[in-house]
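In case you want the letters, here they are:
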Amino acid sequence: MTNPQWTAVDHYFTETIAPADEALAAALADSAAAGLPEIAVAPNQGKLLHLLASVQGARNVLEIGTLGGYSTIWLARALPADGRLITLEYSPAHADVARANIARAGLDKIVEVRTGAALDTLPHLETEGAGPFDLVFIDADKVNNARYVAWALKLSRPGTVIVVDNVVREGRVATPHPDDPAITGTREMFDLIAAEPRLDATALQTVGTKGYDGLLLARVVG
């Protein structure tokens, strides 16, 4: 579901207050050339992630779902020189593209791309004591959204911000008995958050170059 006016407004926002630079443009171009799906966040959404990390004063960030590293670059640019971002990517081929994009952006010293299923990798982060993370961005397979949020909570501290992308599913998230596992997983996530007293959250619908979707924003409060 797209609309030319939504796209025009997004382009206006991007051109005026979130313009692309060489590293960001190259990250998208190289991702497309490598055959990665064109599902990276929109530029103005990337800038939102950057601002959230900046406002949060984040030093330690976790990203679940790297793709070509476009959102990773936006987030990492908000971190101090001694900051750290760990990003988890299922596909080795996608991870290779992301590493090259991140290195070209000059961020390979603070960004680590780990390959493998996130639900296998996350327990290792806990064992290593990699957390607590100041911000967690979740943009991976939607079937496991609830499990990713549960892990984000384990690896957090009071004050940690959790952002989950693609939670509206073109409005189908409101379907009580969906036949799409991605929607079922997203609804399970909402149920988990609604029942979790340590999370204070809201969700917003969005329109733009990515169509009709939305995001969830949560804060760990205890």
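For the structure itself, look to the data block above.
Residues numbered from 1 in each chain as written. Predicted model: local features only at pLDDT ≥ 70, side-chain atom pairs only at ≥ 80, totals over all residues. Heavy atoms only, no water.

A.B. asks: How would you summarise the pattern of salt bridges if you had to cite specific residues and measurements?
C.D. replies: Applying the stated criterion across every chain, the model contains 12 salt bridges. A salt bridge links E112 to R84, with the nearest nitrogen and oxygen atoms 3.6 Å apart. Of the two residues, E112 is situated in strand β3 (residues 111-115) and R84 in strand β2 (residues 84-89); the sequence distance between them amounts to 28 residues. Relative accessible area serves as the criterion here: at 31%, R84 is assigned to the partly exposed category. One salt bridge connects R114 with E112, and the closest N-O pair in it is separated by 2.9 Å. Its relative accessible area of 15% is what places R114 among the buried residues. Shared partners join several salt bridges into a network, and the residues in it are R84, E112, R114 and E128. (Salt bridge = Lys/Arg side-chain N within 4 Å of Asp/Glu carboxyl O. Helix = DSSP H or I, 4+ residues; strand = E, 2+ residues; numbered from the N terminus. Buried < 20%, exposed > 50% of the residue type's maximum accessible area, 1.4 Å probe, protein only.)

A.B. asks: Tell me about the sheet that holds strand β5 (residues 161-165), and name the residues and values.
C.D. replies: Across the sheet, 7 strands lie side by side as β3-β2-β1-β4-β5-β7-β6; this open sheet has mixed pairing. The open sheet has two edge strands, β3 and β6 (199-208), and neither has a second partner. Each strand axis lies, on average, 15° off the axis of its neighbour in the sheet, ignoring direction. In this structure, β5 lies alongside strand β7 (residues 211-220), joined through 5 bridges in antiparallel fashion. Within β7, the position partnered with D165 by the bridge is L215. Against the sheet, helix α5 (residues 92-104) makes contact with β2 and β3, and its axis sits at roughly 170° relative to β3, the strand it touches most. (Pairing = 2+ DSSP bridges. Axes fitted to C-alpha atoms, helices over the stretch in contact; angles between N-to-C directions. Contact = heavy atoms within 4.5 Å.)

A.B. asks: Can you break down the packing of helix α2 (residues 22-33) against α5 residue by residue, with the values?
C.D. replies: α5 packs onto α2 with a crossing angle of 160° between their chain directions and a minimal axis gap of 10 Å. As judged from the angle between their axes, α2 and α5 are roughly antiparallel. Here α2 runs over α5; the crossing is right-handed. Here α2 contributes A26, A27, D30 and S31 to the contact with α5, which in turn contributes V97, N101 and R104. Of the residues assigned to the contact of α2 with α5, the class counts are 3 nonpolar, 2 polar and 2 charged. (Parallel < 35°, antiparallel > 145°, perpendicular 65-115°, else oblique. Left-handed = near helix turned anticlockwise from the far one by under 90°. Nonpolar A, V, L, I, M, F, W, Y, C, P; charged D, E, K, R; others polar.)

No statement about biological role is implied by the geometric values presented.
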